Amino acid sequence: GGNEGIGEQVDYKIIGIEPGAGIMQATETALEEYENLADWSLVESSSAAMASELQKAYDKKEPIIVTGWTPHWKFAKFDLKYLEDPKGVYGEAEVIQTLVREGLQEEQPSAYTVLDQFFWTPDDMANVMVEIQEGADPAEAAAAWVEENSDKVAEWTNGAEEVDGEKIKLAYVAWDSEIASTNVVGKVLESIGYDVDLLQLDAGPMFAAVAEGDADGMVAAWLPGTHASYMEEYGDKLVDLGPNLEGAAIGLVVPTYVEADSIEDL
Ligand code: PBE
């Protein structure tokens, strides 16, 4: 390692997101495990503020290092790369899983069926994210996607009987990826008659809410790595409905003009 140029230029800082995100925990681990990062720090921020820092640096072609993840609209908007992670701190490919509260299957079988069958691709998710990033209201972007993808939606609602205004509460965190997925699933549940409430929380409280039955479900668990600590804490009180997306990833992300390929080059 030891590229003093980049470290100096970014003030030995990695631009993070909300505390509580799994990627923040992983990055704290990276700061401990990579000796060349011993004097670096991780800046707490928010997903939106991280993206605007990235935009500002990118416009000026200045170096920047952010906590990044896929699917995310930033890869469509900017030329970016993941830094290699030879120590494997950020894990391998991740999936995003759907988790629901105990008792949902018996009490709200239609919602359970939809949540169980919800599965889409990173491109699907990215398309919704890009619309929102370009200014669409999340609920409207989700409604438009649902309308344009009726074949896929029909697979998710297959076998789910219509209901009459029953209440369903989905917990999520304001990560761009989860704003997209949660709004889409919410629209699909509305389309079969549910009165849907989207409950925005921090990561830990999101897992706790579903585990304790204060929310009915969530489509936002990044596993096996990113949210491993939350699964350890709440996993036995959650019903795991499996992946809703395959091919997710987290890591340190830089614009391609940054002259580093690996975390060890910093
Ligand atoms: N993320 C997006 C989350 C999961 C979804 C990668 C920012 C996290 O790090 O916990």
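Further up the page is the structure itself.
Quick caveat: nothing in here was measured; it's all calculated off a predicted structure.

Q: Just give me the short version of the overall build of the chain, but keep the residues and values in it.
A: Within the chain, the regular secondary structure consists of 12 helices and nine strands. Against the globule reference of 18 Å for 266 residues, the chain gives a C-alpha radius of gyration of 19 Å, in line with a compact fold. By its C-alpha atoms, the chain is 60 × 35 × 25 Å across when sized along the principal axes. Within the chain, the proportion of its 266 residues that are buried is 50%. For the chain, the share of sequence-separated contacts (at least 6 apart) that also reach a separation of at least 24 residues comes to 82%. On the chain, roughly 11,700 Å² of surface is accessible, and the fraction owed to carbon and sulfur atoms is 43%. Averaged over its 14 positive side-chain charges, the chain has a centre that lies 6 Å from the centre of its 54 negative ones.

Q: Talk me through the packing of helix 8 (residues 138–148) against helix 10 (residues 176–191); I want residue IDs and the actual numbers.
A: One way to put it is that helix 8 packs onto helix 10 with a least axis distance of 8 Å and a crossing angle of 60°. Here helix 10 runs oblique to helix 8, going by the angle between their axes. Where helix 8 crosses over helix 10, the handedness of that crossing is right-handed. Residues Pro138, Ala139, Ala142, Ala143, Trp145 and Val146 of helix 8 form the contact with helix 10, whose own contacting residues are Ile179, Asn183, Val184, Lys187 and Val188.

Q: I'd like a rundown of helix 8, residues and numbers included.
A: Looking at helix 8, one finds that the buried residues are Ala141, Ala142, Trp145 and Val146. Seen end-on, helix 8 carries its buried residues on one side only, within an arc spanning 135°. Among the exposed residues of helix 8, those pointing more than 90 degrees away from its buried face are Glu140, Glu147 and Glu148.

Q: Break down a negative patch on the surface for me, with residues and values.
A: Taken together, Glu28, Glu32, Glu33 and Glu44 make up a surface patch of like negative charges. Relative to the helices and strands, Glu33 is located in helix 2 (residues 22–33). With a relative accessible area of 40%, Glu33 lands in the partly exposed category.

Q: Go over the pattern of salt bridges, please, and point to the residues and values.
A: Taken as a whole and judged by the stated rule, the model has eight salt bridges. A salt bridge links Lys13 to Asp11, with the shortest nitrogen-to-oxygen separation between them at 3.2 Å. Taking the relative accessible area as the measure of exposure, Asp11 reaches 48% and is therefore partly exposed. Between Glu190 and Lys187 there is a salt bridge, with the nearest N and O atoms lying 3.3 Å from each other. Of this pair, Glu190 and Lys187 both sit in helix 10, separated by three residues, roughly a single helical turn. Residue classification places Lys187 among the partly exposed residues on the basis of a relative accessible area of 21%.

Q: Please set out the side chain of Thr98 residue by residue, giving values where relevant.
A: Structurally, Thr98 can be placed in strand 5 (residues 94–101). With a relative accessible area of 1%, Thr98 lands in the buried category. Among the polar contacts listed, one links the side chain of Thr98 to the side chain of Asn244, at a separation of 2.9 Å. What Thr98 contacts, discounting residues up to four positions off in sequence, is Leu115, Phe118, Met218, Val219, Val239, Asp240, Leu241, Gly242 and Asn244.

Reading the values: rules and limits
- Residues numbered from 1 in each chain as written.
- Predicted model: local features only at pLDDT ≥ 70, side-chain atom pairs only at ≥ 80, totals over all residues.
- Heavy atoms only, no water.
- Helix = DSSP H or I, 4+ residues; strand = E, 2+ residues; numbered from the N terminus.
- Rg over C-alpha atoms; globule rule 2.2 N^0.38 Å.
- Buried < 20%, exposed > 50% of the residue type's maximum accessible area, 1.4 Å probe, protein only.
- Contact = heavy atoms within 4.5 Å.
- Areas by Shrake-Rupley, 256 points an atom, 1.4 Å probe, with all protein chains shown as cover.
- Lys, Arg positive; Asp, Glu negative; His and termini not counted.
- Charge placed at Lys NZ, Arg CZ, Asp CG, Glu CD.
- Axes fitted to C-alpha atoms, helices over the stretch in contact; angles between N-to-C directions.
- Parallel < 35°, antiparallel > 145°, perpendicular 65-115°, else oblique.
- Left-handed = near helix turned anticlockwise from the far one by under 90°.
- Arc of directions from axis to C-beta.
- Patch = residues over 30% accessible without salt bridge, like charges linked within 9 Å, V, L, I, M, F, W, Y side chains within 5 Å.
- Salt bridge = Lys/Arg side-chain N within 4 Å of Asp/Glu carboxyl O.
- Polar contact = N/O pair within 3.5 Å; in protein donor to acceptor, adjacent residues only side chain to side chain.

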